Structure formats: structure tokens, C-alpha cells
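Residue-level structure breakdown
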Amino acid sequence: GGGFMSTPEDLARYCAGLLGEGFVGADLRDTELWRPQPGAGAYALGFWLLTDDATIIFHAGTQQSAQTVLLLDIEENRCAVAMTNSTWGEPYELVATALQAWSL
């Protein structure tokens, strides 16, 4: 496993904490947490960097009958989270829709 039980509200709070300096200072966050790892392409410490400048960051998790997605837009200081408690849910589509709406 490695997962834990939570709520969408808690995941949104975690996302907001990553955007602020409540969990990790901005310098450490930007230079270490969201820095691609050697040989890992666009993968940092648990996060996918969707843009070359690491301004859109993504994390997802799946366990039996559950899926979770977190999307951060660093420049705009916003995040989107989605959680499902089913194998057929599409949290990726929800956050992709949020990302497309942000781009309008």
C-alpha cells in the first residue's frame, strides 16, 4: 500500500500548504522538492513536472477502488484535487478540465 485515508478537503489543504510556505520553505521546495531527479525525466520527488519551467505540477495515486489526483499551478497559486472511491472514476479528466479552464 503506502496509502492513507483522507478527504478531498484534506487533500486540498495539503495542496494549499505546498503552494504556501507552511510545509516547506519556497527556496527548498522549488530547488529540491520539484527538481527533476537524475535519469527520471520530468519526475521530481513524488511529482510530475508537466511544464519545462515546473510551473504545472501533478501527482496521482491509485489503490484498490480509489484514485486521487492533485494538480498545482505554481504561477497562478492555485490547485485542483479530485478523489474517487471507485475503479471506474476519472479524476484525471476532472483535473485536466480544470487545467484547460485555467488556460482560457
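What you see is a predicted model; the values in this text were computed from it and never measured. (Residues numbered from 1 in each chain as written. Predicted model: local features only at pLDDT ≥ 70, side-chain atom pairs only at ≥ 80, totals over all residues. Heavy atoms only, no water.)

Moving on, we get to the overall build of the protein chain. When helices and strands are tallied, the protein chain shows 3 helices and 4 strands. Along the chain direction, N to C, the helices and strands of the protein chain fall in the order α-α-β-β-β-β-α. The C-alpha atoms of the protein chain give 14 Å as radius of gyration, which agrees with the globular expectation for 104 residues (13 Å, within 12%). Taken along its principal axes, the extent of the C-alpha atoms in the protein chain is 35 × 35 × 30 Å. Relative to its full complement of 104 residues, the protein chain shows a buried share of 30%. (Helix = DSSP H or I, 4+ residues; strand = E, 2+ residues; numbered from the N terminus. Rg over C-alpha atoms; globule rule 2.2 N^0.38 Å. Buried < 20%, exposed > 50% of the residue type's maximum accessible area, 1.4 Å probe, protein only.)

Turning next to the sheet that holds strand β3 (residues 66–73). The antiparallel open sheet is built from 4 strands, whose spatial order is β1-β2-β3-β4. Edge positions in the sheet fall to β1 (48–49) and β4 (78–84), since each of these pairs with one other strand and no more. Relative to β3, strand β2 (residues 56–63) runs antiparallel, the two sharing 8 bridges. Bridge pairing links Ile-56 to Asp-73 in β3. Along the sheet, helix α1 (residues 8–19) makes contact with β3 and β4, crossing β4 at roughly 155°. (Pairing = 2+ DSSP bridges. Contact = heavy atoms within 4.5 Å. Axes fitted to C-alpha atoms, helices over the stretch in contact; angles between N-to-C directions.)

Following the criterion strictly, the structure yields 4 aromatic pairs and no others. Ring centres of Trp-34 and Phe-47 lie 6.0 Å apart, and the angle between their planes is 85°; on these two criteria the pair is classed as edge-to-face. In this pair, Trp-34 sits in the loop between α2 (26–33) and β1 while Phe-47 sits in the loop between α2 and β1, placing the two residues 13 residues apart along the sequence. When sorted by exposure, Trp-34 lands in the same class as Phe-47, which is buried. (Phe/Tyr/Trp six-rings, centres within 6.5 Å; stacked < 30°, edge-to-face > 60°.)

To continue, consider α2. Note on helix geometry: an α-helix contains 3.6 residues per turn, so any two residues three or four positions apart are oriented the same way. Looking only at α2, the buried set comprises Ala-26, Arg-29 and Leu-33. End-on view of α2: buried residues confined to an arc of 95°, all on one side of the axis. Relative to its buried face, α2 has exposed residues pointing more than 90 degrees away, namely Asp-27 and Leu-28. Structurally, α2 contributes buried residues whose contacts are with α1. (Arc of directions from axis to C-beta.)

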